[in-house]
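Each chain, letter by letter, is given below.
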Amino acid sequence: HYTLTVKTNYEFNGEICCQVTNISKDVICDVVVPEYVTVGTDEKVNLPIRSIGENAFETAKINSVTLPETIREIKERAFLNCTNVKTINVNGKLMATKKVQRFDENGNPLTDDNGDYVYADEIIKENLTTSGNTVNTTIEKEAFKGCISL
């Protein structure tokens with residue numbers, strides 16, 4: 001079993017909603033983030049989960065992640081060094097990565113210490129679709145850095 005920590009008074013585009021801020025790091029598992037979190041004692045309210053926070057899943061030993069259609073942002077380094085994660089799904093749609101060559105500020109190809117060109121995995125945002133519609137999900141830099149199994 002795993003535990004998700006959720007910030008319930010998160011504001012996204014003027015809407016009060018929730019942000020996933022942490023997950024227990026010591027359990028190897030598949031993670032399913034719910035669409036809503038119920039808050040309140042007397043009057044219960046369902047708040048949508050709109051965000052995965054910075055470093056929320058950093059170094060977690062997760063095999064796969066399923067995110068709900070309600071997600072609208074994935075913050076910097078959200079999945080940093082999640083080396084076991086093989087798949088990330090957004091409402092049933094598999095996110096894909098592609099190799100992209102890196103260049104310096106002058107447009108010259110970057111090379112490593114051995115003189116080989118530097119490439120990096122980049123999420124193919126065109127694959128972020130739900131029910132045939134493009135999801136307006138912002139993916140910040142290095143959100144999936146170090147996810148070597150994707």
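Above this text is the structure in question.
Below is a summary of the structure that appears in this document. (Residues numbered from 1 in each chain as written. Predicted model: local features only at pLDDT ≥ 70, side-chain atom pairs only at ≥ 80, totals over all residues. Heavy atoms only, no water.)

1. Side note on the environment of lysine 44
So, step 1. Among the secondary structure elements, lysine 44 is positioned in the loop between β4 (36-39) and β5 (45-52).
So, step 2. Residues within four places of lysine 44 in sequence aside, it is in contact with Thr38 and Val39.
So, step 3. Here the side chain of lysine 44 touches glycine 40 through a polar contact of 3.5 Å, landing on its backbone oxygen. (Helix = DSSP H or I, 4+ residues; strand = E, 2+ residues; numbered from the N terminus. Contact = heavy atoms within 4.5 Å. Polar contact = N/O pair within 3.5 Å; in protein donor to acceptor, adjacent residues only side chain to side chain.)

2. What about the pattern of salt bridges?
So, step 1. Under the definition given, this model contains six salt bridges.
So, step 2. With its nearest N and O atoms 4.0 Å apart, the salt bridge here joins glutamate 73 to lysine 75.
So, step 3. Classification of glutamate 73 by relative accessible area gives buried; the value is 8%.
So, step 4. With a shortest N-O distance of 2.8 Å, glutamate 76 and arginine 77 are connected by a salt bridge.
So, step 5. Under the relative-accessibility criterion, arginine 77 is labelled partly exposed at 22%.
So, step 6. One salt-bridge network, held together by shared partners, links Glu54, Glu76 and Arg77. (Salt bridge = Lys/Arg side-chain N within 4 Å of Asp/Glu carboxyl O. Buried < 20%, exposed > 50% of the residue type's maximum accessible area, 1.4 Å probe, protein only.)

3. Side note on the environment of threonine 8
So, step 1. With respect to the helices and strands, the residue threonine 8 is situated in strand β1 (residues 4-12).
So, step 2. With relative accessibility at 27%, the residue threonine 8 sits in the partly exposed group.
So, step 3. Put simply, threonine 8 and isoleucine 49 are 41 residues apart on the chain and 8.6 Å apart in space, counted from C-alpha to C-alpha.
So, step 4. Ignoring sequence-local partners within four residues, the contact set of threonine 8 consists of Ile16, Cys17, Cys18, Val37, Val39 and Leu47.

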